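Structural overview
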Amino acid sequence: MITVLCGGVGAARLLDVLRRTVEPSELVGIVNTGDDLVLHGLRICPDLDTITYTLSGLNNEVTGWGLAGETWRVMDELGALGGHDWFRLGDRDLATHMYRTQRLSDGATLSEVTAELGARLGCPIRLLPATEDPVATVLRSDSLGELSFQEYFVGHRHAVEVSGVEFRGASTARPAPGVLEALEAAERIVIAPSNPVVSIGPILAVAGIRAVLERRRDDVVAISPLIGGRALKGPADRLLVELGGEASAAGVAAQYASVAGTLVIDAADAEQAPEVERLGMACEVTSTMLSEPAGAAGVTQAVLGG
Ligand code: FO1
């Protein structure tokens with residue numbers, strides 16, 4: 001079994017690559033819920049949905065979220081009424097949030113609903129929310145005060161300098177059923193190339209999860225989300241710097257040195273391998289562009305090898 005700590009797009013791409021070599025039934029995703037929000041009375045889980053949709057071959061490649069072939073009638077009508085249309089929910093995607101919200105109010109757990117959606121949509125990999133308890137990523141900015149993750153990421157297009165981040169609720173949140181077992185039973189634990197601060201951070205903050213990785217550090221492989229010190233998508237590089245870290249392979253290593261024995265970095269950052277090793281991590285250098293054959297093969301080898 002290979003258990004993968006997952007954010008959104010980067011994790012979905014990694015799982016979509018790994019599933020070509022590893023039996024999907026041998027893969028488990030532990031997924032961030034710190035991006036989740038309730039809007040229009042609906043419970044929305046962006047990272048769980050991005051991974052479910054991508055692995056089901058249904059992801060909307062144009063927007064990067066929601067379902068392919070999306071229409072936007074409801075959002076357009078809502079906007080015309082003067083409603084909240086800043087967080088774009090496609091007509092097909094809305095059905096997922098309506099289904100999830102109804103099932104949760106029936107008393108089903110988020111894990112159960114995630115499994116039902118995965119079965120209905122054709123996701124071949126078991127996905128578990130990191131926790132069933134509320135955890136909200138909150139960002140603080142000097143100019144705008146506190147922002148929920150989606151206010152920051154979508155509302156302000158993450159074009160805001162951040163002075164602090166908090167995973168509200170994480171210290172009392174319990175790992176979802178099966179999470180600790182999946183981490184203990186895994187031959188390999190992988191930290192996906194997701195945002196170390198706001199995607200992987202909330203998972204590691206859930207009571208008990210970090211401790212398992214620290215204990216199993218030799219079996220943990222982290223994949224840097226930076227290439228040439230830059231994030232392919234999203235604010236990972238800026239957030240690292242704004243929160244006192246470094247937008248570099250060494251900066252990512254500093255985030256993960258206590259929980260991962262190996263860091264996989266892109267060839268563009270190869271000159272930083274000695275710095276990563278000085279932090280006590282083994283360093284594998286390969287292309288990490290998962291959309292290219294060399295990257296897919298190199299990262300798969302780094303995850304499975306050794
Ligand atoms: N990202 C945006 O940039 N703009 C949006 O309007 C937007 C809507 C949206 C709706 C459902 C959903 O599951 C994701 C959505 N996202 C949107 C992406 C979302 O912000 C994710 O949390 C990010 O991809 C970071 O993981």
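One structure accompanies this document, and this report is about it. (Residues numbered from 1 in each chain as written. Predicted model: local features only at pLDDT ≥ 70, side-chain atom pairs only at ≥ 80, totals over all residues. Heavy atoms only, no water.)

**Brief notes about the overall build of the chain**
Note the following rule: Secondary structure follows DSSP: runs of H or I at least 4 residues long count as helices, runs of E at least 2 residues long count as strands, and numbering of each begins at the N terminus. Radius of gyration here uses only the C-alpha atoms, and the compact-globule reference equals 2.2 Å multiplied by the residue count raised to the power 0.38. Buried residues are those whose accessible area, probed at 1.4 Å on protein chains only, stays under 20% of the maximum for their type, while exposed residues exceed 50% and partly exposed ones sit between those limits. Working rule for contacts: check all heavy atoms of both residues, and any pair within 4.5 Å makes them a contact. Using the Shrake-Rupley algorithm and a 1.4 Å probe, accessible areas are obtained, with residue cover drawn only from the displayed protein chains.
Of the regular secondary structure elements, the chain holds 13 helices and 14 strands. Taking 2.2 N^0.38 as the reference for a compact globule, 306 residues should give roughly 19 Å; the C-alpha atoms of the chain span a radius of gyration of 18 Å, in line with that estimate. Expressed as a percentage of the 306 residues in the chain, the buried residues total 55%. Taking all contacts inside the chain whose residues are at least 6 apart in sequence as the whole, residues at least 24 apart take part in 67%. When the accessible surface of the chain is summed, it comes to about 12700 Å², and 53% of that surface belongs to carbon and sulfur atoms.

**Considering the site of the ligand**
Inclusion rule: Consider each residue's heavy atoms; a residue with any of them within 4 Å of a molecule or strand counts as near. In protein, a polar contact requires one atom able to donate a hydrogen and another able to accept it; more generally it is a pair of N or O atoms within 3.5 Å, and residues adjacent in sequence count only if both atoms are side-chain atoms. Just so you know the grouping, Ala, Val, Leu, Ile, Met, Phe, Trp, Tyr, Cys and Pro go in nonpolar, Asp, Glu, Lys and Arg go in charged, and all remaining residues, Gly too, go in polar.
In the vicinity of the ligand, 13 residues are found, and the nearest of them are Asp35, Asp47, Trp65, Arg88 and Gln150. Between Asp35 and the ligand, the recorded distance is 3.1 Å, taken from a side-chain N or O atom to an oxygen atom. Arg88 is positioned such that a nitrogen or oxygen atom in its backbone is 2.9 Å from an oxygen atom of the ligand. Of all elements in the fold, only α2 (46–55) and α6 (149–155) reach the threshold of two or more residues within the shell around the ligand. Its residues assigned to classes, the shell around the ligand comprises eight nonpolar, one polar and four charged.

**Here's the deal with the pattern of salt bridges**
Applicable threshold: Salt bridge criterion: a side-chain nitrogen from Lys or Arg within 4 Å of a carboxyl oxygen from Asp or Glu.
Across all of its chains, the model carries 15 salt bridges by this definition. Between Arg19 and Asp16 there is a salt bridge, and its shortest N-O distance comes to 2.7 Å. Of the charged contacts, one joins Asp49 and Arg100 as a salt bridge, the two residues approaching to 2.4 Å between their closest N and O atoms. One end of the pair, Asp49, is in helix α2; the other, Arg100, is in helix α4 (residues 91–105), with 51 residues separating them in the sequence. Arg100 carries the same exposure label as Asp49, and that label is buried. Through salt bridges with shared partners, a single network forms among Arg140, Glu146, Glu166 and Arg168.

**Brief notes about the side chain of Asn195**
Mapped onto the elements, Asn195 comes out in the loop between β9 (188–191) and α8 (196–204). Given the relative accessible area of 10%, Asn195 is considered buried. A distance of 2.8 Å separates a polar atom in the side chain of Asn195 from the backbone nitrogen of Val197. Within the local environment of Asn195, its side chain forms a polar contact with the backbone nitrogen of Val198, the two atoms lying 3.2 Å apart. Dropping the residues within four chain positions of it, Asn195 is found in contact with Ile200, Pro235, Ala236 and Leu239.

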